[in-house]
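Understanding the architecture of this molecule
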2 protein chains.
Amino acid sequence: MRSPEPNLNGGLRTPSPRPRIQSQFHSTVSVQKNRQFNILILIFRFAAFCFSLASAIFMFANFHVSESDSVRWYHFDAFRFVAIAAAIVALYSLFEVGASVWEISRGATVFPELVQVWFDFSHDQVFAYMLLSAVSAGTALARTLRERGTYTVNNAFCVQSDISVALGFAGFMFLGFSSLLSGFRVVCFILNGSRFHM
Amino acid sequence: MRSPEPNLNGGLRTPSPRPRIQSQFHSTVSVQKNRQFNILILIFRFAAFCFSLASAIFMFANFHVSESDSVRWYHFDAFRFVAIAAAIVALYSLFEVGASVWEISRGATVFPELVQVWFDFSHDQVFAYMLLSAVSAGTALARTLRERGTYTVNNAFCVQSDISVALGFAGFMFLGFSSLLSGFRVVCFILNGSRFHM
């Protein structure tokens, strides 16, 4: 018994495909792919939001007062930088999560498309550099404080600083991934005149 | 006396421009613009090389030995990071200066064009993040050392660290500019299938 030859066109049996149907098919695939892409961006942005918010909260709540001495996060430049940078990134990510949800639900961007793709990409880049700079400075300070030995009595302060800095690094990582994807959207926009990548 | 109307076509008087001449004209303009663009990249890369090399040299030479105490750059994590990151960026920038000179003089890239544009952009991005992280950590450490007061006897050490970190920031800035331009070249390559931007 001869088995039928595999049909590579996915069920389309007409030898000359009709252009209207094909273009409709393509546009449906494009909308679906764009939706998946937006959901991926949404996940990264939400992760960046969670980590940077957690980092900011851990740093803002980082004060330990005992009878011998009191240490607070705002006594140190680098920790102030970490707290403020993480808070800014958290706010920005929250806004971007909202914009992503809006785009997925309504199929249109919040700002005009040209403004939106460039806004996303430029802010991702700038805030990623800012957050990396902050957490690097925070790491250096945390290490120095630990070596200094004056804070062995305040080990909790050191540990909490380390946690905040580590969460900030995770936030930076997810912001970096978002930045890659929004850079890809800019390229798509320049290529096709639309954020759709097909 | 009537003055002739201004000719906006730059001297081309034929009403129907011949495509061959126009395409030759365009390709000449394209080559010239590409040359100017490459010279701009070369300038940024050379500046990045100079600043990062100076930063690395200042940090490697940063030791002060007196009869009371001796401080050396490699006693501190963050300063080690600055020295090594600046040295890596200096080496990379030197290679890229060579590649730019090669491209300007011979009109062809060192690697195949596809590899070259992606190599440049990805390395610019990664090394820019690395250098920024290093100099941020270095800044935090330098500030802490200054506040600590143990190094008032070794003021020269502090000053030299500050200079090295500041030079590193300048190197990062020029590497960032190069990264923008090489990102533009990647977009051009995706758009036109060539690094030429017209």
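Residues numbered from 1 in each chain as written. Chains lettered and ligands numbered in written order. Predicted model: local features only at pLDDT ≥ 70, side-chain atom pairs only at ≥ 80, totals over all residues. Heavy atoms only, no water.

For chain A, an unreviewed UniProt entry supplies the name CASP-like protein and the organism Anisodus acutangulus. The UniProt entry for chain A carries this comment under Subunit (unreviewed entry): "Homodimer and heterodimers." Recorded in UniProt under Subcellular location (unreviewed entry), the annotation for chain A is "Cell membrane". (UniProt positions renumbered as here; feature names shortened; annotations may be inferred.)

Under the UniProt annotation, "transmembrane region" (unreviewed entry) lies at residues 39-61, 81-105, 126-145 and 165-191 of chain A. Here residues 39-61 of chain A is 96% helix and 0% strand, with 33 Å between the C-alpha atoms at its ends. (Helix = DSSP H or I, 4+ residues; strand = E, 2+ residues; numbered from the N terminus.)

Looking now at the interface of chain B and chain A. The interface is formed by 19 residues belonging to chain B together with 19 residues belonging to chain A. With both chains or domains summed, chain B and chain A bury close to 1700 Å², and 66% of this area falls on carbon and sulfur atoms. Counting across the chain B and chain A interface gives two salt bridges. Between Arg143(B) and Asp77(A) there is a salt bridge, with the nearest N and O atoms lying 2.6 Å from each other. If you look at where chain B meets chain A, you find four residue pairs in polar contact (both at pLDDT 80 or more). (Contact = heavy atoms within 4.5 Å. Buried area = accessible area lost by both parts, 1.4 Å probe. Salt bridge = Lys/Arg side-chain N within 4 Å of Asp/Glu carboxyl O. Polar contact = N/O pair within 3.5 Å; in protein donor to acceptor, adjacent residues only side chain to side chain.)

Under the criterion given, the structure shown has 14 salt bridges over all chains. Glu96(B) is the partner of Arg45(B) in a salt bridge, and the nearest nitrogen-oxygen pair spans 3.6 Å. In this pair, Arg45(B) sits in helix 1 (residues 19-60) while Glu96(B) sits in helix 2 (residues 77-106), placing the two residues 51 residues apart along the sequence. Comparing Arg45(B) with Glu96(B), the two get one shared label, buried. When salt bridges that share partners are traced, they join Arg45(A), Glu96(A) and Asp124(A) into one network. (Buried < 20%, exposed > 50% of the residue type's maximum accessible area, 1.4 Å probe, protein only.)

Membership of the largest hydrophobic core comes to 55 residues, with the highest contact counts inside it found for Phe79(A) and Phe79(B). Those elements giving two or more residues to this core turn out to be helix 1 (19-60), helix 2 (77-106), helix 3 (113-148) and helix 4 (155-192) of chain A together with helix 1, helix 2, helix 3 (113-148) and helix 4 (155-192) of chain B. (Core = buried A, V, L, I, M, F, W, Y, C linked by side-chain atoms within 4.5 Å.)

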